[in-house]
2 protein chains.
Amino acid sequence: MFKHLTLSPGVNVKLKDFDPGDTHGWEEADAKRELEELREKMEKLQDVFYASGKYALLIVLQAMDAGGKDGTVKHVMGGFNPSGCSVISFKAPSPEELSHDFLWRVHKAVPPRGHIGIFNRSHYEDVLVVRVLNLVPEKVWRERYDQINTFEKMLCENNVIVLKFFLHISKKEQADRFRDRLADPKKIWKFNPGDLEMREKWGDFMEAYDDVLERCTTAHAPWTIVPADVKWFRNLVVARRIVETVDALDLKYPPPAPGVEKIEIV
Amino acid sequence: MFKHLTLSPGVNVKLKDFDPGDTHGWEEADAKRELEELREKMEKLQDVFYASGKYALLIVLQAMDAGGKDGTVKHVMGGFNPSGCSVISFKAPSPEELSHDFLWRVHKAVPPRGHIGIFNRSHYEDVLVVRVLNLVPEKVWRERYDQINTFEKMLCENNVIVLKFFLHISKKEQADRFRDRLADPKKIWKFNPGDLEMREKWGDFMEAYDDVLERCTTAHAPWTIVPADVKWFRNLVVARRIVETVDALDLKYPPPAPGVEKIEIV
């Protein structure tokens, strides 16, 4: 389901060919009911995922500002047991982080086996905002696509499952959400005037995203382009991909420790 | 509400005076409805807690094995938005951790302002299991009560709110839960034969807890003794104390950044 939203390696990607407002014929009430069911499945799957301790799950969320990263975490990942799930929000790097290679802080944050880690922004900013704002020479960011692919391949070979979601909103939808934020006393504090400078470079960002989605879609860690103008459809696509991925692992509870079956409690 | 379960500094504590099966006259259905309401309040309070960025909240959970730490995280803290909430489970210390003072790994894990951190076990194990199993000389663990109090005072003075819960179950309830684990294929893998050795030292642990609860109940970070034989009552007590604590802060959303109110989105 929604299989064509997950990219295949080697395919040319142009975001303008993907409709951010698409809902694949779903109705809101059905999608919300389905999300509830998926959240219940996620809870069950997470229990055996944690118990088996065989894989780690790394979920990467990328989007333009107001693209719905926080909302996805709240409405989709809110279904996970917090004991086995952590969210890491990558901000502008600190001086210490900048004195290391760009993957250093990312590697430290990779979840251990049995756990789910959610990256709210990620190492992909190092080929997105860093590229658009010319924060490093072109030669440096161009080399990063391969470095990222190699890094993610190593993770994958070590049982870290990497799911990457680009939450795709239209420029018009961003404007609507910015206006909502400005009108809401509980949200206006979040508004950073710098977000408008990024908005002015929308075209440059889409071009940078085209390259990310194309060059960093590998067999081991493909990107999923999530139509994200409609929030309930965005949640449905993300939840379904997570559930299908973990379900396919067909994990089992581990056997008891030796001798445990004969224990009697007194 | 449940105020007498939160200890006062200087009061003599004997756990045998507290009934682990107490439900203060509550009925299950009422308690569960109340928990749902508290979870909704927690969600709202967490939003402004995060936005204001003024305080951090550190929740310490201690209990005997099968005391309900994991269940409390799932059923109470599951109401938090995962973006601003992390759970840290302290296991037996690693060689690196052991080569530092006992508070080193704990300090690193303290949540930043705006965030909620949940300690599943904590620095208190260094005056509990460490004491009962004689892992360090008595002189060393005896000095730790004051070290802990001083550390927590510093946190408090730096806007870290510390809520400490002892989930108090009876020895009989532990036996029932151990038997349930042994009978459930989804839970038997968790059973560690070492847990039985701890159970044999129940009396020593209760004595060590009496000392922890008495010596480390300070004005800035008192302990709450949670009657925990009845899971729905345990959840209610913990949720209510969290909600009452955060509610009393009377936090406000921060004002918008300068100039933001005049912005028009084009």
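Right above here is the structure, for reference.
Below: a short report on this structure.

Scoring rules and cut-offs
- By convention here, each chain's residues receive numbers from 1 onward along its written sequence.
- Just so you know, chain letters begin at A and ligand numbers begin at 1, following the order they were written in.
- Owing to the predicted nature of the model, reporting of local features is limited to residues with pLDDT of at least 70; listing and counting of side-chain atom pairs is limited to 80 or more, with chain, interface and lining totals taken over all residues.
- Side-chain numbers here rest on the full set of heavy atoms in the structure, without hydrogens or water.
- Helix and strand labels come from DSSP, where a helix needs a run of H or I of at least four residues and a strand needs a run of E of at least two; each type is numbered from the N terminus.
- Based on C-alpha atoms, the radius of gyration is set beside the globule rule, defined as 2.2 Å times the residue count to the power 0.38.
- To sort residues, take the accessible area from a 1.4 Å probe on protein chains only and compare it with the maximum for the residue type: under 20% means buried, over 50% means exposed, and anything in between is partly exposed.
- Any two residues whose heavy atoms approach within 4.5 Å are treated as being in contact.
- All accessible-area figures derive from a Shrake-Rupley calculation using a 1.4 Å probe, and residue coverage is judged against the displayed protein chains alone.
- For the least-squares superposition of copies, only C-alpha atoms count, and only for residues with pLDDT at least 70 in both.
- Take the number of residues in a helix, subtract one, and multiply by 1.5 Å to get its expected span.
- We treat two strands as partners when DSSP finds at least two bridges between them.
- Between N-to-C directions, angles cover 0 to 180 degrees, with each direction set by a line fitted to C-alpha atoms, over the stretch in contact for helices.
- Counted as salt bridges are all cases of a side-chain nitrogen of Lys or Arg within 4 Å of a carboxyl oxygen of Asp or Glu.

### Examining the overall build of chain A
The secondary structure content of chain A amounts to ten helices and five strands. A compact globule built from 266 residues should have a C-alpha radius of gyration of about 18 Å, and chain A, at 20 Å, falls within 12% of that. Considered along the principal axes of its C-alpha atoms, chain A spans approximately 70 × 45 × 40 Å. Expressed as a percentage of its 266 residues, the buried residues of chain A come to 53%. For chain A, the share of sequence-separated contacts (at least 6 apart) that also reach a separation of at least 24 residues comes to 82%. If you sum the accessible surface of chain A, you get close to 12,500 Å²; carbon and sulfur atoms cover 50% of it.

### Considering the relation of the copies chain B and chain A
For the pair chain B and chain A, the best superposition has an RMSD of 0.0 Å and corresponds to a rotation of 180 degrees with a translation of 0.0 Å parallel to the axis. With respect to symmetry, the two chain copies, as superposed, fit the operation of a two-fold axis. If distances are taken from each C-alpha of chain B to the rotation axis, the shortest is found for Ser86 of chain B, at 3.0 Å. Take the interface residues of chain B: 97% of them recur as interface residues in chain A, which is what a same-surface contact looks like.

### Details of helix H9 (residues 202–215) of chain B
In a regular helix each residue adds 1.5 Å, so 14 residues correspond to 20 Å; H9 of chain B covers 20 Å between its end C-alpha atoms and thus fits that length. Within H9 of chain B, the full set of buried residues consists of Trp202, Phe205, Met206, Ala208, Tyr209, Asp210, Asp211, Val212 and Leu213 of chain B.

### So, the pairing of strand E1 (residues 56–63) of chain B
Residue and element names in this part refer to chain B. Most of E1 sits out of view: eight of its eight residues are buried. Along E1, one buried face is formed by Ala56, Leu58, Val60 and Gln62 and the opposite face, lined by Leu57, Ile59, Leu61 and Ala63, is buried too. Of the strand pairs in this sheet, E1 and strand E4 (residues 160–168) are connected by eight bridges, and their pairing is parallel. What sits directly across from Gln62, in E4, is Phe166.

### Thoughts on the sheet that holds strand E5 (residues 223–227) of chain A
All names here are of chain A. If you trace the five strands from one edge of the open sheet to the other, you get E2-E3-E1-E4-E5, paired in parallel fashion. Edge positions in the sheet fall to strand E2 (85–89) and E5, since each of these pairs with one other strand and no more. Each neighbouring strand pair of the sheet contributes to a mean axis angle of 20 degrees, computed without reference to strand direction. Together, strand E1 (56–63) and strand E4 (160–168) form the strand contacts of helix H6 (residues 138–157), whose direction differs from that of E4 by roughly 130 degrees.

### Some details on the pattern of salt bridges
Residue and element names in this part refer to chain B. Taken as a whole, this structure holds 36 salt bridges over all chains when the rule is applied. The partner of Arg121 in a salt bridge is Asp65, and the shortest N-O contact between them spans 2.9 Å. With Arg121 in the loop between strand E3 (116–120) and helix H5 (129–132) and Asp65 in the loop between E1 and helix H2 (69–75), the pair connects residues that are 56 residues apart, well separated along the chain. Judged by its relative accessible area of 21%, Arg121 falls in the partly exposed class.

### Quick notes on the sheet that holds strand E5 (residues 223–227) of chain B
All names here are of chain B. One open sheet holds the five strands; their spatial order is E2-E3-E1-E4-E5, and the pairing between them is parallel. Either end of the sheet is taken by a strand with one partner, and the two such strands are strand E2 (85–89) and E5. Neighbouring strand axes in the sheet, compared pairwise and without regard to direction, differ in orientation by 20 degrees on average. As paired strands, E4 and E5 are joined by five bridges and run parallel to one another. Residue pairing for E5: Leu167 is matched across the bridge by Val226. Where H9 meets the sheet, its contacts fall on E1, E4 and E5, and the angle it forms with E5 comes to roughly 135 degrees.

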